[in-house]
There are 4 protein chains.
Amino acid sequence: MDLGISGRRAILLASSRGLGRACAESIAREGVHIVINGRTAADVDTAVSELQAAHDVEVTGVVGDSSTREVHDALLDACPEPDIVLLNGEGPSPTPFDRLGAEALDAAFQQAVVGPVSFLQRVVPGMVERRFGRIVAVSSAMVKTPNPVMSLSHGTRLGLAGILKGLSKDVVAHNVTVNQLLPERFDTGRQQQMAELVMKSKGVSYDEARAEQIASIKAGRLGRPDEFGDAFAYLCSAQAGYLSGQSLQLDGGSYEGIF
Amino acid sequence: MDLGISGRRAILLASSRGLGRACAESIAREGVHIVINGRTAADVDTAVSELQAAHDVEVTGVVGDSSTREVHDALLDACPEPDIVLLNGEGPSPTPFDRLGAEALDAAFQQAVVGPVSFLQRVVPGMVERRFGRIVAVSSAMVKTPNPVMSLSHGTRLGLAGILKGLSKDVVAHNVTVNQLLPERFDTGRQQQMAELVMKSKGVSYDEARAEQIASIKAGRLGRPDEFGDAFAYLCSAQAGYLSGQSLQLDGGSYEGIF
Amino acid sequence: MDLGISGRRAILLASSRGLGRACAESIAREGVHIVINGRTAADVDTAVSELQAAHDVEVTGVVGDSSTREVHDALLDACPEPDIVLLNGEGPSPTPFDRLGAEALDAAFQQAVVGPVSFLQRVVPGMVERRFGRIVAVSSAMVKTPNPVMSLSHGTRLGLAGILKGLSKDVVAHNVTVNQLLPERFDTGRQQQMAELVMKSKGVSYDEARAEQIASIKAGRLGRPDEFGDAFAYLCSAQAGYLSGQSLQLDGGSYEGIF
Amino acid sequence: MDLGISGRRAILLASSRGLGRACAESIAREGVHIVINGRTAADVDTAVSELQAAHDVEVTGVVGDSSTREVHDALLDACPEPDIVLLNGEGPSPTPFDRLGAEALDAAFQQAVVGPVSFLQRVVPGMVERRFGRIVAVSSAMVKTPNPVMSLSHGTRLGLAGILKGLSKDVVAHNVTVNQLLPERFDTGRQQQMAELVMKSKGVSYDEARAEQIASIKAGRLGRPDEFGDAFAYLCSAQAGYLSGQSLQLDGGSYEGIF
């Protein structure tokens, strides 16, 4: 399927590893020039060179925390007129309700809401003017089923979900779409680390720890990052211009609710 | 993007025209052999020959009401082991609450629920056994925002939505996904007919009648059938196996709700 | 809290036992004259005499299947101008997807949708004209989280949910509200029977079978029918006239979703 | 209906006027001792004396911004063991997406999330221990249908919605419920002010400005604060202990969605 985006330009926040990296792969394959971002220079460098080697597109790297103004500046220097933006970032740590501090809440809000909003304010007008934009945020399955210990995540990401939904209504008439992907349990470094933590804390084998992760997924397996990347690529396609304001769950069919 | 379904086989209910036909186009292009179905022989014949001319896949036609056992028999004769099924059918007519009769309700339930369920019962076991299945139902945006005069539609399609959601939980572990597409206002013959009705009833021009249709769509235009077809094609892809139990709205960003 | 409905008149379908009976108790206590209905004459008689003994209101009984026209006639003979209607009925039996037959689906649709709609068509115009109506349907928590084996329930009740939502939009301006209650696991005869079935099938004690029922309820207990009845009474109150088109879950806080 | 809360104690944030004040009235009438809070001393004094005159319960007033630690201290001094808490506060101003500043976002987050969370952390453990708690947050209908210019509201209140839903799962087993009320267009001072603003900006009469407010409400009228107060009172009742984690819309039936 021709996605109709060859030659387009994308900025992908937090894309040096994991799901963000998979998103980069999927659209680079479709001919999109990309700006990779991550906090660790080595990861960014690796991603840039591997992507350059594999795909005939321009690949640039910007190192730094994607919720800051300086990194926004660098990203827009590297790509002043992005057609595609991936909003992504590391999720906050599990914290029970009684230990939710103001500082941690504020930091999570900065990461999940203030940073992304301020970045979008700089790219949306151009997308509207050029009549093409594809904005996709990586959120979490938990925004629809809040887990008590993940308040730092859903307590801020739900706010972004609302803001993006509002924004989507204003810009869809200009062929700028705004959607969210809600992943649950993909086979990235994060799940591997979590399995190792479980190994130690419960004294189980790696395979047992992995089996536990899979137990909550109706598909009976973890998701593959390339599946996530291709869902992103589809949402970025030219022919997805009539699809906006949606939150697509990529969770192995695990969500229990009707809608 | 390679959807990984070349050589697969699909049965598409109510696919000789409109959105169903667009779905057929999008997967035939990806190398899927297809069975076209429609109530009018001429429409089916036209679709079959046009699709055969355009794509290097096997195309078969089955004429008849897709909610009946006889047509199910014929469809399964034409394609005993479908990998992909499109559930589609003509929507019922607008009817205000006070004129909802038992007969019309029963007929709509037969079309929207009993027929599709009985067909799926015949194809799901094979999909599960072969560990590949992609079931997509064309529902309506109105199932999430019920319009008082469309009870025959949402009053039965919501039932199917529930049954499909339940089914999805049972089969996703076997790489059989079940999803819904919820369209609103695509530029098909139906919208053209409706515009003509409005022309006559309101004494307006065709362009005015069309403008009225578009007024309720945030995208500022009707959807194109090929956009619908490509959304279907993506849901049928090999790499969409982790996406199940979802109801994806294709409505030009018009849905007001957060989820 | 004065509910402002003393002297009002109510027809309560399937109210001789269980949750329906509890609803009758709660509004009889508030001075509402009531018509009790149930399939078993002895149950109806008992309910009528107990309610008459306890409350200073008129209590009438109508025996029969509340989805039939004859019973509707009898109910409206007993109370030609109801202000309050409870839609209730026995839920269908668990049935796996592959054994969902057309006959069982049609019967469930008749019970869950066609019967209630035809009854409402006879009472809504009067409510609109008199500018007071409170319609409450007892649905099931499963309409929001479909359980694969309960398709006969959610596959029809979701249809009613849609029709009632549509209806609510048309009538709220006339002070006629339409809401649903979505119960999960109340301590009625049904749960006791189910516990006895589990005792036999699993060879466990009654207490163990009950513990299993409670395990899925976040409140750590079954609901009490009087809690259900009082929720119904609140929805019927004069001061609930601004609350319509809602589906209120009474499930011990068990629903996982955000909305 | 006896709500079973006579003698209970409540802290109501932002309750000197409007909807908060109505909530105070409704539970004072049921015999609940109350602590009133507001930013303006005169308003708090008036509320306290009027409530004291009308109801035979203890009424205390605490002046100040309810999202601050100092006011939390004063509230808990006045009522160290609250059984009931109303979370309420003035909503933020309309702001279009392109003018959403970090400062305004942070301030809204402090008001809508950080303040309420830090207050709840101080009262929930006691509720759990005493095995009775009723927490109700006044949110907004817009959290379910985000309006582009109200991002400061839904962009933070949705976060609280998620946190409260998570919290509800942890505490319902201890008879502590957590629910939200989602109002739309109640006849409070705020709507009157907004009507006056519209008068000036559009050069229309007060009645025309009011008619415009009502136009978006399916009930054909604004809600009455006492209706809101009584919904709150019901959620605080002893018999509402099985109802938790819900977001009840009080919007004159205006919400378009099925759930």
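Residues numbered from 1 in each chain as written. Chains lettered and ligands numbered in written order. Predicted model: local features only at pLDDT ≥ 70, side-chain atom pairs only at ≥ 80, totals over all residues.

A.B. asks: Just checking my understanding: could you explain the overall build of chain A for this structure?
C.D. replies: For chain A, the count of helices and strands is eight helices and seven strands. On C-alpha atoms alone, chain A measures out to a radius of gyration of 18 Å, which is about the 18 Å that the 2.2 N^0.38 rule sets for 259 residues. With respect to the three principal axes, the spread of C-alpha positions in chain A is 55 × 40 × 40 Å. Going through the 259 residues of chain A one by one, you find that 58% of them count as buried. (Helix = DSSP H or I, 4+ residues; strand = E, 2+ residues; numbered from the N terminus. Rg over C-alpha atoms; globule rule 2.2 N^0.38 Å. Buried ≥ 20, exposed ≤ 12 C-beta atoms within 10 Å, placed from the backbone.)

A.B. asks: Which parts of the structure should I look at to understand the domain arrangement of chain A?
C.D. replies: As a measure of interface size, the accessible area lost when the parts come together is often cited. Residue and element names in this part refer to chain A. In terms of domains, chain A is made up of domain 1 (9–185 + 224–250) and domain 2 (187–222). Domain 1 and domain 2 are separated by 26 Å when their C-alpha centres are compared. When grouped by side-chain class, the residues that make up the side of domain 1 that touches domain 2 number two nonpolar, one polar and three charged. (Domains from an automatic or database assignment. Nonpolar A, V, L, I, M, F, W, Y, C, P; charged D, E, K, R; others polar.)

A.B. asks: Just checking my understanding: could you explain the interface of chain C and chain D for this structure?
C.D. replies: Of the residues lining the interface, 37 residues belong to chain C; the matching set on chain D comes to 38 residues. Listing elements by their share of the side of chain C that touches chain D, those giving two or more residues are α5 (151–171), α8 (225–236) and β7 (247–250) of chain C. Grouping the constituent residues of the side of chain C that touches chain D by class yields 16 nonpolar, 13 polar and eight charged. (Contact = placed C-beta atoms within 7 Å.)

A.B. asks: Even after reading the chapter, I still don't get the sheet that holds strand β6 (residues 176–183) of chain A, so can you show me in this structure?
C.D. replies: Within a sheet, adjacent strands bond to each other through the backbone by hydrogen bonds, running parallel or antiparallel. Residues and elements named next belong to chain A. Taken together, seven strands build an open sheet; the order of strands is β3-β2-β1-β4-β5-β6-β7 and the sheet is parallel. The outermost strands of the open sheet, each flanked by one partner alone, are β3 (59–63) and β7 (247–250). Pairs of neighbouring strands in the sheet enclose a mean axial angle of 15°, with direction left out of account. Bridge analysis of strand β2 (residues 33–38) against β3 gives five bridges, and the strand direction is parallel. Following the sheet pairing, N37 is matched in β3 by V62. (Pairing = 2+ DSSP bridges. Axes fitted to C-alpha atoms, helices over the stretch in contact; angles between N-to-C directions.)

A.B. asks: Explanation requested: the sheet that holds strand β2 (residues 33–38) of chain D in the structure shown.
C.D. replies: All names here are of chain D. Taken together, the seven strands give an open sheet; going across it, the order is β3-β2-β1-β4-β5-β6-β7, and neighbouring strands pair in parallel fashion. If you trace the sheet from one side to the other, it starts and ends with β3 (59–63) and β7 (247–250), each paired once. Here the strands of the sheet are splayed against their neighbours by 15° on average, with no regard to which way each runs. Note that strand β6 (residues 176–183) and β7 share four bridges and pair parallel. Looking across to β7, one finds that L181 is bridged to L248. Together, β1 (9–12), β2 and β3 form the strand contacts of helix α3 (residues 69–78), whose direction differs from that of β3 by roughly 165°.

A.B. asks: Can you walk me through the packing of helix α4 (residues 102–130) of chain C against α5 of chain C in this structure?
C.D. replies: The packing of two helices is summarised by the inter-axis angle and the distance between the axes. Residues and elements named next belong to chain C. It is the contact of α4 with α5, at a shortest axis distance of 9 Å, that shows an interaxial angle of 15°. The orientation of α4 with respect to α5, classified from their angle, is roughly parallel. The two elements α4 and α5 cross, and the hand of that crossing is right-handed. The segment α4 lies against α5, with A104, L105, A108, F109, A112, V113, P116, V117, V124 and V128 engaging L152, G155, T156, R157, G159, L160, I163 and V171. Of the residues assigned to the contact of α4 with α5, the class counts are 14 nonpolar, three polar and one charged. (Parallel < 35°, antiparallel > 145°, perpendicular 65-115°, else oblique. Left-handed = near helix turned anticlockwise from the far one by under 90°.)

A.B. asks: Quick question: what am I supposed to make of the interface of chain A and chain D here?
C.D. replies: Taken together, the contact between chain A and chain D spans 31 residues of the former and 31 residues of the latter. If you list the elements that add at least two residues to the side of chain A that touches chain D, you get α4 (102–130) and α5 (151–171) of chain A. Considering each element in turn, the side of chain A that touches chain D owes the most residues, 14 residues, to α5 of chain A. Residue composition of the side of chain A that touches chain D, grouped by class: 16 nonpolar, ten polar and five charged.

A.B. asks: It is not clear to me how the pairing of strand β5 (residues 133–138) of chain B should be interpreted in this structure. Could you clarify?
C.D. replies: Looking along a regular strand, one sees side chains alternate from face to face of the sheet. Residues and elements named next belong to chain B. Most of β5 sits inside the fold, with six of its six residues counted as buried. Side chains G133, I135 and A137 of β5 all project onto a buried face; the interleaved residues R134, V136 and V138 project onto the opposite face, where all are buried too. Sheet topology places strand β4 (residues 84–87) next to β5; four bridges connect them, and they run parallel. Paired with I84 across the two strands is R134, which belongs to β5. In this fold, the crossover linking β4 to β5 by way of helix α4 (residues 102–130) has right-handed handedness. The sheet contact formed by β5 and strand β6 (residues 176–183) spans six bridges and is parallel. Bridge pairing in β6 places V138 opposite L181. (Right-handed = clockwise from strand over helix to strand, strands pointing away.)

A.B. asks: Is there a simple way to explain the relation of the copies chain A and chain D in this structure?
C.D. replies: Both copies of the chain are tied together by a single rotation about an axis and a shift running along it. Mapping chain A onto chain D calls for a rotation angle of 180° and an axial translation of 0.0 Å; the resulting RMSD is 0.0 Å. Both copies of the chain, as the preceding transformation shows, are related through a two-fold rotation axis. Looking at chain A, 100% of its interface residues are interface residues in chain D too, so the copies touch through the same face. (Least-squares fit on C-alpha atoms with pLDDT ≥ 70 in both.)

A.B. asks: When you look at the environment of A240 of chain A in this model, what are you seeing that I'm missing?
C.D. replies: Residue and element names in this part refer to chain A. With respect to the helices and strands, the residue A240 is situated in the loop between α8 (225–236) and β7. The spatial distance from the C-alpha of A240 to the C-alpha of E227 is 17 Å, given a sequence separation of 13 residues. Setting aside residues up to four positions removed in sequence, A240 forms contacts with T177, Y234 and L235.

A.B. asks: What exactly am I supposed to notice about the relation of the copies chain C and chain D here?
C.D. replies: Of the transformation superimposing chain C on chain D, the axial component is 0.0 Å and the angular component is 180°, with the fit at an RMSD of 0.0 Å. The residues that chain C uses at the interface reappear at the interface of chain D in 100% of cases, marking a shared surface.

A.B. asks: Looking at this structure, how should I read α8 of chain A?
C.D. replies: An α-helical segment advances 3.6 residues per turn. Residues three or four places apart therefore align on the same side. For α8 of chain A, built from twelve residues, the straight-helix expectation of 16 Å at 1.5 Å per residue is met to within 8% by its first-to-last C-alpha distance of 17 Å. Of all twelve residues in α8 of chain A, eleven are buried; the element is thus mostly enclosed. For α8 of chain A, the set of buried residues is P225, E227, F228, G229, D230, A231, F232, A233, Y234, L235 and C236 of chain A. Buried positions along α8 of chain A lie against α1 (18–28), β4 (84–87), β5 (133–138), β6 and β7 of chain A together with α8 (225–236) of chain B. (Expected span 1.5 Å × (residues − 1).)

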